[in-house]
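Below, each chain spelled out in residue letters.
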Amino acid sequence: MHSQELDKFDQAIITALRENARQSVSAIADQVNLSRSSVSERLKRLEKSGVIRGYQVLLRPSADTDVSAYFEIRHNQKQCKTLAEMLRRYPEVQSCHGITGEVDLLVLVRADSMQRLHQIREAVEALPAVTKIVTHVVMSEWI
């Protein structure tokens, strides 16, 4: 399902979920002027088609300890997916995107300390497929 295939109700449901993914189907139905059963069916379809890939808890980072960084990774694999699957073993990896340009993967890591971030970076750098890794530590987060 592509964004062109999303009608105004699907888009309204997604907007409601972005504002509060924990709200009830009834609350969403009220906001988008559809029945609860229609919203439930649309949610199932959006999930099944991959438009909605999941729901997650975003914890407020601790100003004292939590640290976030982006890893720019270059590798020698035929497919980025192979290396991305290896990165799943680290729960601190929040996202992993194959991108265009000189970098193959852009990986967001949120760790509970700089030491843990360094451990993850060293482990990723030691993977045989990784040819180069550049780390960008997040200094401020506004959105």
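First things first, this report covers the structure right here in the doc.

Rules used in this analysis
Residues numbered from 1 in each chain as written. Predicted model: local features only at pLDDT ≥ 70, side-chain atom pairs only at ≥ 80, totals over all residues. Heavy atoms only, no water. Salt bridge = Lys/Arg side-chain N within 4 Å of Asp/Glu carboxyl O. Helix = DSSP H or I, 4+ residues; strand = E, 2+ residues; numbered from the N terminus. Buried < 20%, exposed > 50% of the residue type's maximum accessible area, 1.4 Å probe, protein only. Axes fitted to C-alpha atoms, helices over the stretch in contact; angles between N-to-C directions. Parallel < 35°, antiparallel > 145°, perpendicular 65-115°, else oblique. Left-handed = near helix turned anticlockwise from the far one by under 90°. Contact = heavy atoms within 4.5 Å. Polar contact = N/O pair within 3.5 Å; in protein donor to acceptor, adjacent residues only side chain to side chain. Pairing = 2+ DSSP bridges.

Here's the deal with the pattern of salt bridges
Inference 1: All chains considered together, the criterion is met by eight salt bridges.
Inference 2: Notably, a salt bridge pairs R110 with E141, separated by 3.0 Å at the nearest N-O pair. Of the two residues, R110 sits in strand β3 (residues 105-111) while E141 sits in the segment after β4 (130-137), which places them 31 residues apart along the sequence.
Inference 3: Assessed through its relative accessible area of 28%, R110 is described here as partly exposed.
Inference 4: Relative accessible area serves as the criterion here: at 46%, E141 is assigned to the partly exposed category.
Inference 5: Through salt bridges with shared partners, one network takes in D7, D10, R42 and R45.

Thoughts on the packing of helix α1 (residues 8-19) against helix α2 (residues 25-32)
Inference 1: Viewed as axis vectors pointing N to C, α1 and α2 meet at an angle of 130°, and their least axial separation amounts to 10 Å. On the basis of their axis angle, the class for α1 and α2 is oblique. Taken as a pair, α1 and α2 cross one another with a handedness that is right-handed. From α1, F9, A12, I13, A16, L17 and E19 reach across to α2, where they touch I28, Q31 and V32.

Re the side chain of Q23
Inference 1: Secondary-structure assignment places Q23 in the loop between α1 and α2.
Inference 2: For Q23, a relative accessible area of 16% puts it in the buried group.
Inference 3: Polar contacts involving the side chain of Q23 include one to the main-chain carbonyl oxygen of N20, which spans 3.1 Å.
Inference 4: Within the structure, Q23 has its side chain in polar contact with the side chain of Q31 (distance 2.3 Å).
Inference 5: Residue contacts for Q23: discarding those within four places in its chain leaves A16, L17, I28 and Q31.

Points about the sheet that holds β3
Inference 1: Strand order across the open sheet formed by four strands is β2-β3-β1-β4, with antiparallel pairing between neighbours. Strands at the two margins of the open sheet, each flanked by one partner only, are β2 (93-98) and β4. Each strand of the sheet is rotated relative to its neighbour by a mean of 20°, with strand direction disregarded.
Inference 2: Pairing between strand β1 (residues 67-75) and β4: seven bridges, direction antiparallel. The residue bridging Y70 from the neighbouring strand is H136, located in β4.
Inference 3: Against the sheet, helix α5 (residues 114-126) touches β1, β3 and β4, its axis set at about 160° to β4.

Describing unusual backbone geometry
Inference 1: Positive phi values are uncommon outside glycine, yet N33 reaches one of about 60°.
Inference 2: Looking at the secondary structure, you find N33 in the loop between α2 and α3 (36-48).
Inference 3: Exposure remark for N33: the relative accessible area of 66% places this residue in the exposed category.

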